[in-house]
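Examining the three-dimensional arrangement
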Amino acid sequence: MKANNEKFRLGNTGRFTVVMVSLCGLLVLALVMNVNIGSVRIAVGDVFRMIWDGLRYSVGNIFTGGGYADELEALIKSSTESQILFSIRIPRMLLCSILGGALSVSGYLLQVFFRNPIAGPFVLGISSGAKMLVGITLIFLAGYINGVSSLTLIIAAFIGSLIITSVVLLFSHKVKNMSMLLVVGIMVGYICGAVTDFCITFADEYDVVNLTNWSMGTFSGASWDNVATAAAMCIPGVLASLFLSKPISAYALGEGYAQSMGIRIKPFRVLLILLSSLLSACVTALAGPISFVGIAVPHITRSILKSAKPAFVIPAAFLCGAVFCVFCDLIARTVFAPTELAIGTVTSVFGAPVVIYMMVKRRRAQEG
Amino acid sequence: MDFYFRTEGLSVGYDRKVLIHDIDIAVEKGKILTLIGPNGAGKSTILKSITRQLELIAGTVYIDSHDLASRSPKELARQMAVVLTDRIRPELMTCAEVVAMGRYPYTNLFGKLTPDDVAAVQEALERVHALDLAGQDFSTLSDGQRQRIMLARAICQEPEVIVLDEPTAYLDIRHKIELLDILREMAQKRGITVIMSLHEIDLATKISDYLLCVKGDTIDSFGPPDAILHSHTIERLYDLHNGSYDLMFGSVELTKPAGTPKVFVVAGGGCGIACYRALQKRELPFATGILFENDVDFRVARVLSDNVVSAPAFEEMTSAQFERAAELLSGCAAVLDAGTPPGTFNRKNSELLRLAEERSIPVLRAGAQPAETIEKVIATISGLTDKMEV
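Residues numbered from 1 in each chain as written. Chains lettered and ligands numbered in written order. Predicted model: local features only at pLDDT ≥ 70, side-chain atom pairs only at ≥ 80, totals over all residues. Heavy atoms only, no water.

1. Structural notes on the pattern of salt bridges
Taken as a whole and assessed by the stated rule, the structure comprises 23 salt bridges over all chains. Put simply, A:Arg56 and A:Asp53 hold a salt bridge, and the shortest N to O gap is 3.1 Å. Within this pair, A:Arg56 and its partner A:Asp53 are both found in helix H3 (residues 44-64), separated by 3 residues, close to a single helical turn. Assessed through its relative accessible area of 12%, A:Asp53 is described here as buried. The structure contains a network of salt bridges with shared partners spanning B:Glu123, B:Arg127, B:Glu185 and B:Arg190. (Salt bridge = Lys/Arg side-chain N within 4 Å of Asp/Glu carboxyl O. Helix = DSSP H or I, 4+ residues; strand = E, 2+ residues; numbered from the N terminus. Buried < 20%, exposed > 50% of the residue type's maximum accessible area, 1.4 Å probe, protein only.)

2. Some details on the side chain of B:Lys348
Of note, B:Lys348 is situated in helix H13 (residues 347-358). Although B:Lys348 lies buried, it forms no salt bridge, and the closest oppositely charged side chain, B:Glu351, sits 5.1 Å away as judged by the N-O distance. (Lys, Arg positive; Asp, Glu negative; His and termini not counted.)

3. A short note on helix H15 (residues 310-334) of chain A
For H15(A), built from 25 residues, the straight-helix expectation of 36 Å at 1.5 Å per residue is met to within 8% by its first-to-last C-alpha distance of 35 Å. Across the 25 residues that make up H15(A), a large majority, 21, are buried. (Expected span 1.5 Å × (residues − 1).)

4. Re the side chain of B:Thr45
Tracing the backbone through its elements, the reader meets B:Thr45 in helix H1 (residues 43-50). On the basis of relative accessible area, B:Thr45 is assigned to the buried category, the value being 5%.

5. Let's talk about the sheet that holds strand E18 (residues 363-365) of chain B
Adjacent strands of a sheet form backbone hydrogen bonds with each other and so pair up, either parallel or antiparallel. Residues and elements named next belong to chain B. Within the open sheet, the 5 strands sit side by side as E16-E15-E14-E17-E18. Their pairing is parallel. Looking at which strands have only one partner, the edges of the open sheet turn out to be strand E16 (307-311) and E18. Each strand axis lies, on average, 20° off the axis of its neighbour in the sheet, ignoring direction. Where helix H11 (residues 296-304) meets the sheet, it contacts strand E15 (286-292) and E16, and its direction lies at approximately 150° from that of E15. The strands that H13 touches are strand E14 (263-266), E15, strand E17 (334-337) and E18; relative to E15, the one it contacts most, it runs at about 150°. (Pairing = 2+ DSSP bridges. Axes fitted to C-alpha atoms, helices over the stretch in contact; angles between N-to-C directions. Contact = heavy atoms within 4.5 Å.)

6. Some details on the packing of aromatic side chains
All told, the structure shown has 7 aromatic pairs over all chains when counted by the stated rule. Seen from their ring centres, A:Phe113 and A:Phe114 are 5.1 Å apart, and the 75° between their planes marks the pair as edge-to-face. Here the two residues A:Phe113 and A:Phe114 agree in accessibility, since each one is buried. On the numbers, 5.5 Å between centres and 15° between planes, the contact of B:Tyr210 with B:Phe222 is stacked. Here B:Tyr210, found in strand E10 (residues 210-215), pairs with B:Phe222, found in strand E11 (residues 218-223); they are 12 residues apart in sequence, far enough to count as distant. With a relative accessible area of 13%, B:Tyr210 lands in the buried category. If you follow A:Arg115 out to its NZ or CZ, it ends over the ring of A:Tyr251, 4.5 Å from the centre. Across from the ring centre of B:Tyr170, 4.2 Å away, lies the NZ or CZ of B:Arg87, which sits over that ring. (Phe/Tyr/Trp six-rings, centres within 6.5 Å; stacked < 30°, edge-to-face > 60°. Lys NZ or Arg CZ within 6 Å of the ring centre and 35° of its normal.)

7. Thoughts on the nonpolar core
A:Leu99, A:Leu124, B:Ile46, B:Ile149, B:Leu151 and B:Leu183 are the most contacted members of the largest nonpolar core, which has 188 residues in total. If one sorts the elements of this core by residue count, helix H5 (residues 80-114) of chain A sits on top with 17 residues. Those residues within four positions of A:Leu99 in sequence are excluded, and the remaining contacts are A:Phe219, A:Ala230, A:Cys234, A:Cys282, A:Val283, A:Leu286 and A:Ala287. Membership of the second largest hydrophobic core comes to 24 residues, among which are B:Phe286, B:Leu291, B:Leu336 and B:Ile381. (Core = buried A, V, L, I, M, F, W, Y, C linked by side-chain atoms within 4.5 Å.)

8. Some points on the confidence of the model for chain A
When pLDDT is averaged across chain A, the result is 84; 90% of the residues are at 70 or more. Considering only residues more than four positions removed or in separate chains, one finds that residues 1-6 of chain A, a stretch of pLDDT under 50, has 4 contacts. (pLDDT = per-residue confidence, 0-100.)

9. Quick notes on the interface of chain A and chain B
The interface is formed by 32 residues belonging to chain A together with 41 residues belonging to chain B. In total, chain A and chain B occlude about 3200 Å² of area from one another, counting both sides; carbon and sulfur atoms represent 64% of this. Our enumeration of links across chain A and chain B arrives at 7 residue pairs in polar contact (both at pLDDT 80 or more). The biggest single contributor to the side of chain A that touches chain B is helix H11 (residues 245-251) of chain A, with 5 residues. Tallied by class, the residues present in the side of chain A that touches chain B amount to 14 nonpolar, 11 polar and 7 charged. (Buried area = accessible area lost by both parts, 1.4 Å probe. Polar contact = N/O pair within 3.5 Å; in protein donor to acceptor, adjacent residues only side chain to side chain. Nonpolar A, V, L, I, M, F, W, Y, C, P; charged D, E, K, R; others polar.)

10. Thoughts on the sheet that holds E11(B)
Residue and element names in this part refer to chain B. Across the sheet, which stays open at both edges, the 6 strands sit in the order E7-E8-E9-E4-E10-E11 with mixed pairing between neighbours. Unpaired on one side and paired on the other, strand E7 (80-83) and E11 mark the two borders of the sheet. The mean angle between the axes of side-by-side strands here comes to 15°, regardless of whether they run parallel or antiparallel. Direction of pairing for strand E8 (residues 161-165) relative to strand E9 (residues 193-197): parallel, over a ladder of 5 bridges. By the bridge assignment for E9, Asp165 is matched with Ser197. Running at roughly 175° to E7, helix H5 (residues 143-156) makes contact with E7 and E8 of the sheet.

11. Considerations on the pairing of E15(B)
Walk down a regular strand and you will see the side chains alternate between the two sheet faces. Residue and element names in this part refer to chain B. Counting buried positions over the 7 residues of E15 gives 7, a clear majority of the element. Between the parallel pair E14 and E15, the chain is carried across by helix H10 (residues 272-281), and the sense of this crossover is right-handed. As judged from the 4 bridges shared by E15 and E16, these two strands associate in the parallel manner. The residue of E16 that forms the bridge with Phe292 is Ala311. In this fold, the crossover linking E15 to E16 by way of H11 has right-handed handedness. (Right-handed = clockwise from strand over helix to strand, strands pointing away.)

Written as structure tokens, this is what we have:
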């Protein structure tokens, strides 16, 4: 039987391993570059030394129940470099990689749901819906709730995502054509944008400053709290998606076949939407709307894997999204320094051409 | 009789609206049941209801005397596999991967394939003669290859019942036969019960143990093909007013040309069929004779012409028949000799040809290309009409 097995390409495990290792390598490179490069340059050697010490003390701190707290404090405060490193750059790049990965997986789940590779939280207006609700929360609720926590924002974004997703779903029954669905998504996105702008007009100046910054999409201002929240929400979300990889693979054959293989279609679809919304809501709440990552990254991932096997694509897309976003953030931070670009600006520049390429290719494939 | 697959008072439809009611089917294990009927009659609706894609409106489906509704999706998946009309477009999936999807009800949480599963995939691919396609990207396949792969996927699911919705659509004749052969083999050797819908009535009668004729809001008939098919069953089932369907040979004839006959065809022994069809193509009404009733020419002639002079088989042609033929012949503008060799029993036909010459009706002999002869016939007829008008 063994000899026969080689005839089949039932999932190209070798290629998957190579891709995962390369992506991990790229991520490490991206993280080091990100920590290293900036208005204050920190030598690579120092970076590694400080991170190593930091890790050592943190782990020690956890095991001794606070025994190394002083050393940790001293390390962070030892120099300007260490302060920049520990309180700005490291949390920022960690947040960036977690959210970048989450956004890619979120886009991938939407693509599975609509059974179309040209779907994503941004183009379908879902990010804008999340942004609208986060905006409303920041402007109108900030007065009533003492200090809006990131969890509140995530919940607001999640509700916003779900509302817009349901609207888009309602239309998806009416329009069978995917391009039309995209147009609907973009229009819904504009409506949400208009509502957000309307709210901003009536907001206090103080709130607006925060809001404008956030609504462009940025990883600046990332704190360790944000990182913890993002990790607590996104990592379980991505793991849960991974557990869906078996039904996702069957769903690729269409609803009829999936049902005949024993999948309960309705709960499965609901789960897809909930997970996708949760992941994109985290991103929107913590970093603002980030465009095109959700579409472009899963496509790139499938292309380099040369496989659509969900058990491979989901982890690879997460890593790939992390690498993509960390590099984009690096560019956003450094190219026009000290002015910082919105992360969405950079991701659009790289992501939109990929989407255009995909649409052209699909059109050709349909005609040919 | 021990029926394996059974429905009782089944009503099916969409959105709680009943489309077809009182469907009672009973089929033994390892038999083939085929649904036939006009487009939109609800064949797919019945199949979708059986596979639980559509909710039943009333009634029960039993497999092996268990109510289907009581089965969990996974249990059902191990019992029943489907081949649908959905044209799927999975991206970046090899044929082997598509077929391996059939192992879904048997694999673990992450769908890991055990060596047994891989062996099942290989066996399924072999069964449909598609082992060489295993590594190929599914989206590059032709329709025939796709259908075979989807059948392999269903086989790989190791079901007891396999439901196929128009499996032969998009297939050329060779692949149709191949596919039906595979189904027959599975039914006979593995005891798999096959339920499918077909558009090809001739194939349906040949492969099926049972036929279910679906028409309108109820079942037209159900039973073994020989028991339910009579001469006009098909015409009635499909509301055939124009054209006809020969159940014995599975051949279709188009609408018969209307009007008084303009050409008389002297035929017999199968020589006439090509002439009749060529005349039908040009919408030229014709009369023909004298044909024995067991002649293949007669089977085609009677559905393409209202003026056929026939003689009972194994009897001499009578002069009464000759008189009637002569009368029809005299009213025609041309006579076409289909080229039937003269013999003892059809000498009256040779007399007909002589009569035509006596009455100076032009006689043309059909060559190897009947269409060319028909052009000549048309030229002759129009020449005559022109002269008459002058």
